Amino acid sequence: MAFDGAVKSEIGQGLLLLVAVEDADSEFDLDYAVRKVTQMRIFSDSEDKMNLSIQDISGEILSISQFTLYADTRKGNRPSFSAAGKPAFAQMMYEKFDEKLSEIISTKTGKFGADMQVKLLNDGPVTIILDTKEARR
């Protein structure tokens, strides 16, 4: 991941997380997401089955804030981002999330609000959406 013309963070095998926050998110959402991300068995074992967690493979995480995941495209041609968390709250939650992750697994981050260039080599490809809203119910 690069910004200001220089590479700032990179990882080897692991997960690229695109993280969005809404104002309804709480400590519960952070803890739930950290538990899921670090324990989800999505890496291949010796039989090529998705059976290992990021902890099992001693992987790394690159966490990037991405408010545009809350884009509402139902009306018109310009996305609305009104569902995304207010910037100060979203930054605080994003940073807490990254701190909690780093207590468990090597975690590198982007810069909140920065224009970043992110390169990804997607092995699989496997892309998973984790929405903590469903867990709140």
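Please read all numbers here as calculations on a predicted model, not as lab measurements. (Residues numbered from 1 in each chain as written. Predicted model: local features only at pLDDT ≥ 70, side-chain atom pairs only at ≥ 80, totals over all residues. Heavy atoms only, no water.)

## Points about a nonpolar patch on the surface
Cut-off, in case you're wondering: Candidates for patches are residues over 30% relative accessible area with no salt bridge; among them, like charges are joined within 9 Å and nonpolar side chains (Val, Leu, Ile, Met, Phe, Trp, Tyr) within 5 Å. Only the protein chains shown count as cover for residues, and all accessible areas are computed by the Shrake-Rupley method using a 1.4 Å probe. The rule for a salt bridge is simple: a side-chain nitrogen of Lys or Arg has to be within 4 Å of a carboxyl oxygen of Asp or Glu. A run of H or I in DSSP counts as a helix once it spans at least four residues, and a run of E counts as a strand once it spans at least two, with each numbered from the N terminus. For every residue, the accessible area obtained with a 1.4 Å probe (protein chains only) is divided by the maximum for its type, and the residue is called buried under 20%, exposed over 50%, and partly exposed between those limits.
Judged by side-chain polarity, Met50, Val126 and Ile128 come together as a nonpolar surface patch covering roughly 250 Å² of accessible area. In this fold, methionine 50 is placed in strand 5 (residues 50-52). Residue methionine 50 is classed as partly exposed on the basis of its relative accessible area, which comes to 43%.

## Regarding the layout of surface pockets
Formally: Put plainly, a pocket is an open set of points on a 1 Å grid over the protein atoms alone with protein on both sides within 12 Å along at least five of seven lines, a cavity is a set where a 1.4 Å probe fits but cannot get out, and a lining residue has an atom within 4 Å of a point. Grid points are joined across faces, edges and corners, and a volume is the space filled by probe spheres set on the points. Note that Gly is not counted as nonpolar here; it falls among the polar residues with everything else outside the nonpolar set of Ala, Val, Leu, Ile, Met, Phe, Trp, Tyr, Cys and Pro and the charged set of Asp, Glu, Lys and Arg.
Volume-wise, the largest pocket comes out at about 1,800 Å³. Residue contributions to the lining of the largest pocket peak at six residues, all from strand 3 (residues 14-19). Among the residues making up the lining of the largest pocket, the classes are represented as 29 nonpolar, ten polar and ten charged. Computed from the structure, the second largest pocket encloses a volume of approximately 320 Å³. As for the second largest pocket, its lining consists of 19 residues, and the residues nearest its centre are Ser65, Gln66, Phe67, Phe112 and Gly113. The set of elements that each furnish at least two residues to the lining of the second largest pocket consists of strand 6 (60-65) and helix 2 (87-102). Here the lining of the second largest pocket gets three residues from one element, more than from any other, and that element is helix 2. Looking at the lining of the second largest pocket, its residues break down into 13 nonpolar, five polar and one charged.

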